[in-house]
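# Observations on chain architecture
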Amino acid sequence: MEKVEGQSMGRIVLATEKGDVHDIGKNLVDIILTNNGYTVFNLGIKQPVDEILRAAVEKRADAVGMSGLLVKSVAVMKENLEEMNARGVRLPVLLGGAALTRDYAEDDLAGLYKGPLLYCRDAFDGLHVMDALSGGALERTLVEQRERSAKRKRLRAGAVKPASADAADVKPVAKDNPVPVPPFWGRRVITDIPAAQVFPFINELALFRGQWGFSKGKLSEEEFERLTEEKARPVFEDLKRRSDAEGFLAPKVVYGYFPVQARGNELVVYHVEEFEGSGQRGSGGCGCGAHGAASCVKPSGTPREWLRFSFPRQEGRRRLCVTDFFRDAQSGACDVLGVQLVTVGDRATELAEILRKADKYQDYLYLHGFGVESAEALAELWHKRMRAELGFASEDDPSVRKLFQQKYRGSRYSFGYPACPDLEQRDKIVELLKPADIGVALSENYMLVPEQSTDALVAHHPQAKYFDV
């Protein structure tokens, strides 16, 4: 994109909110606005409202833009707007981010804030809003937004909620599946993982299309394949080569296995001491009759509760809850919960930011996306290793691409996603795994720092797959 030179068309302060470490969306807004003639003051990540407003005054900004990735960040948006009201600030505010919906922004937050507030679905929406602001069309844009909001409210008032599917043809979750015996109890830290082991597990579709924006458009499948091979593949191969030579990816993992029981919608995690050395593989070794003949997981004494995870249950449909995939306390049997947390470190993020500040936007997007998908690949690799340690990796589909479609036994669930949306429970994963040993911490919004890190609870049950609540 060619940069527009000359007099500034307008000034905007952009920031990712307090506690939020994700800034790719905000940086894209920066790139689009800057290259269309606007002056952008990009404050970066984890910005408290005091800093945002101070910058808005100092820079004589015409507008403020706030971005956040997850649900907790949307709550911070609301708090920021309330503080702006209290201070009498009436600057136009642009809001965006993955967790922010148009309905909530235009129906709720726009009614809360006493100044102009506009929802921006993506970076180009941000450009359209700034064009309206600089061109004297802000009031018309606000009227259009209010009309959309009123129409949605009328439609919701007259809507009839559809009946839930009864899922009568779906098998109930089995309660007699064998419980595998883990190779150890508690946590382990792994820091000697070569990046080359991670690369085969990178989801190229997610990287080329999702992160790098190679769009199929009207191309045939063959034409699109040729495009990615000629344009995306060389970049991918160069980044792999550079990461090996320069060491800007540092794959590290902390993971473990913990004894658990389900109690309704809660999963009780026990201290591991009473389980160390327990469990046996083979035919009927324990004689307890609780788990069948395959294996046994039981304490040497009375187990002590450590902590509890709480999960929502579906309303209707199959009425699923994550706890359904673990032995219930009433059975008298214990089960095994796997937990993993992986990171590729913060060097890739730092290098990407240097590229962005040098206006090397394409290189920035390539490196940032590569780092994100490398972290996801490390999570995929380590989940495969955990399945091997638990004794059922032979059930994996031989195609790595099929693994991205959950063609393996069990599932991994991450907080902030549909089956377990409460991100604040991530602090319990931190308590179990102590990820500071691999350089990972939690932000105020319960987000992992460095950004290119991911965590998950691992269920071994054959029927455990992704679902929403």
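Refer to the structure presented above.
To start, this report covers the structure provided alongside it. Just so you know, these numbers come straight off a predicted model, no measurement behind them.

Counting its secondary structure elements, the chain contains 13 helices and 16 strands. Over its C-alpha trace the chain gives a radius of gyration of 25 Å, about what one expects of a compact globule, namely 23 Å for 469 residues. Counting only C-alpha atoms, the chain reaches 80 × 55 × 45 Å along its principal axes. In the chain, which comprises 469 residues, the share counted as buried stands at 49%. Relative to all contacts within the chain whose residues are 6 or more apart in sequence, the contacts with residues 24 or more apart total 78%. Here the chain displays about 22100 Å² of accessible surface, and carbon together with sulfur accounts for 50% of that area.

Of all hydrophobic cores here, the largest spans 91 residues; its most connected members are Trp212, Phe309, Phe311, Leu337, Phe370 and Tyr413. A total of 13 residues in this core trace back to one element, the largest contributor, which is helix H11 (residues 361-390). Residues within four places of phenylalanine 309 in sequence aside, it is in contact with Asn265, Glu266, Leu267, Val269, Leu337, Phe415, Gln425, Lys428, Ile429, Leu432 and Leu457. Residues Phe41, Ile52, Leu81 and Tyr119 belong to the second largest nonpolar core, which totals 24 residues.

Examined against the element boundaries, arginine 412 turns out to sit in strand S13 (residues 411-413). Judged by its relative accessible area of 10%, arginine 412 falls in the buried class. At a separation of 3.3 Å, a polar atom in the side chain of arginine 412 contacts the side chain of glutamate 380. Separated by 3.2 Å, the side chains of arginine 412 and histidine 383 make a polar contact.

On to the layout of surface pockets, then. In this structure, the second largest pocket encloses a volume near 370 Å³. In terms of lining residues, the second largest pocket is bounded by 17 residues, among which Asn203, Glu204, Leu205, Glu225 and Arg401 are the most central. Elements with a minimum of two residues in the lining of the second largest pocket: helix H8 (204-211), helix H9 (221-246) and helix H12 (400-403). Among the elements that take part in the lining of the second largest pocket, H9 stands out by supplying six residues, more than any other. Broken down by class, the residue content of the lining of the second largest pocket amounts to seven nonpolar, three polar and seven charged.

Where helix H4 (residues 102-112) is concerned, the buried positions are Ala105, Glu106, Asp107 and Leu109. Of the surrounding elements, those touching the buried residues of H4 are helix H3 (71-86), strand S4 (93-96), strand S5 (117-119) and helix H6 (138-157).

To continue, consider the packing of helix H1 (residues 24-34) against helix H5 (residues 123-134). The geometry of H1 relative to H5 is characterised by a closest axis approach of 8 Å and an angle of 45° between their N-to-C directions. Classified by the angle their axes make, H1 and H5 are oblique. As H1 runs across H5, the sense of the crossing is right-handed. Here Leu28, Val29, Ile32 and Leu33 of H1 come into contact with H5, specifically with Ala123, Phe124, Gly126, Leu127 and Met130. Residues of the contact of H1 with H5, tallied by class, amount to eight nonpolar, one polar and no charged.

Burial analysis of strand S7 (residues 252-263) places ten of its twelve residues in the buried class, which makes it a mostly covered element. The sheet contact formed by strand S6 (residues 186-190) and S7 spans five bridges and is antiparallel. Across the sheet, valine 189 pairs through a bridge with valine 254, a residue of S7. Note: S7 against strand S12 (residues 335-343), nine bridges, orientation antiparallel. Bridging across to S12, valine 260 finds its partner in aspartate 335.

Here we take up the environment of isoleucine 31. Within the fold, isoleucine 31 resides in helix H1. In this structure the C-alpha to C-alpha distance between isoleucine 31 and arginine 356, which are 325 residues apart in sequence, comes to 8.6 Å. Apart from the residues lying within four places of it in its own chain, the contact partners of isoleucine 31 are Tyr361 and Tyr364.

Taken together, the five strands give an open sheet; going across it, the order is S2-S1-S3-S4-S5, and neighbouring strands pair in parallel fashion. In this open sheet, the two edge strands, each paired with only one partner strand, are strand S2 (39-42) and S5. For this sheet, the mean angle separating the axes of adjacent strands, direction not counted, is 20°. With four bridges joining them, strand S1 (residues 11-16) and S2 adopt parallel strand pairing. Bridged to valine 13 within S2 is phenylalanine 41. Set on the sheet, H4 makes contact with S4 and S5; between it and S5 the angle comes to about 170°.

Turning next to the environment of valine 297. Looking at the element boundaries, valine 297 is found in the loop between strand S10 (295-296) and strand S11 (305-310). Sequence separation of valine 297 and valine 260 is 37 residues, and the distance between their C-alpha atoms is 9.8 Å.

Further remarks concern the environment of leucine 448. In this structure, leucine 448 sits in strand S15 (residues 448-449). Spatially, the C-alpha atom of leucine 448 lies 9.9 Å from that of proline 435, the residues being 13 residues apart in sequence. Dropping the residues within four chain positions of it, leucine 448 is found in contact with Val21, Leu341, Arg426, Val440, Ala441, Leu442, Ser453, Thr454 and Asp455.

At their nearest, the axes of H1 and H11 sit 12 Å apart, and the two run at 170° to each other. Taken together, the axis directions place H1 and H11 in an arrangement best described as roughly antiparallel. Across the interface between the two elements, Ile24, Asn27, Leu28, Ile31 and Thr34 from H1 touch Tyr361, Tyr364, Leu365 and His368 from H11. Its residues assigned to classes, the contact of H1 with H11 comprises six nonpolar, three polar and no charged.

All right, on to the pattern of salt bridges then. Pairs can form between side chains of opposite charge whenever their charged atoms are close. If you walk through the whole model with that rule in mind, you get 34 salt bridges. A salt bridge links glutamate 266 to arginine 308, with the nearest nitrogen and oxygen atoms 2.7 Å apart. Of the two residues, glutamate 266 is situated in strand S8 (residues 266-270) and arginine 308 in strand S11; the sequence distance between them amounts to 42 residues. The partly exposed category is assigned to glutamate 266, whose relative accessible area is 28%. The exposure class assigned to arginine 308 is partly exposed, which follows from its relative accessible area of 28%.

Here is what the cut-offs are and how they apply
- Residues numbered from 1 in each chain as written.
- Predicted model: local features only at pLDDT ≥ 70, side-chain atom pairs only at ≥ 80, totals over all residues.
- Heavy atoms only, no water.
- Helix = DSSP H or I, 4+ residues; strand = E, 2+ residues; numbered from the N terminus.
- Rg over C-alpha atoms; globule rule 2.2 N^0.38 Å.
- Buried < 20%, exposed > 50% of the residue type's maximum accessible area, 1.4 Å probe, protein only.
- Contact = heavy atoms within 4.5 Å.
- Areas by Shrake-Rupley, 256 points an atom, 1.4 Å probe, with all protein chains shown as cover.
- Core = buried A, V, L, I, M, F, W, Y, C linked by side-chain atoms within 4.5 Å.
- Polar contact = N/O pair within 3.5 Å; in protein donor to acceptor, adjacent residues only side chain to side chain.
- 1 Å grid on protein atoms, 1.4 Å probe; cavity = no way out; pocket = protein on both sides within 12 Å on 5 of 7 lines; lining within 4 Å.
- Points joined across faces, edges and corners; volume = space filled by probe spheres on them.
- Nonpolar A, V, L, I, M, F, W, Y, C, P; charged D, E, K, R; others polar.
- Axes fitted to C-alpha atoms, helices over the stretch in contact; angles between N-to-C directions.
- Parallel < 35°, antiparallel > 145°, perpendicular 65-115°, else oblique.
- Left-handed = near helix turned anticlockwise from the far one by under 90°.
- Pairing = 2+ DSSP bridges.
- Salt bridge = Lys/Arg side-chain N within 4 Å of Asp/Glu carboxyl O.

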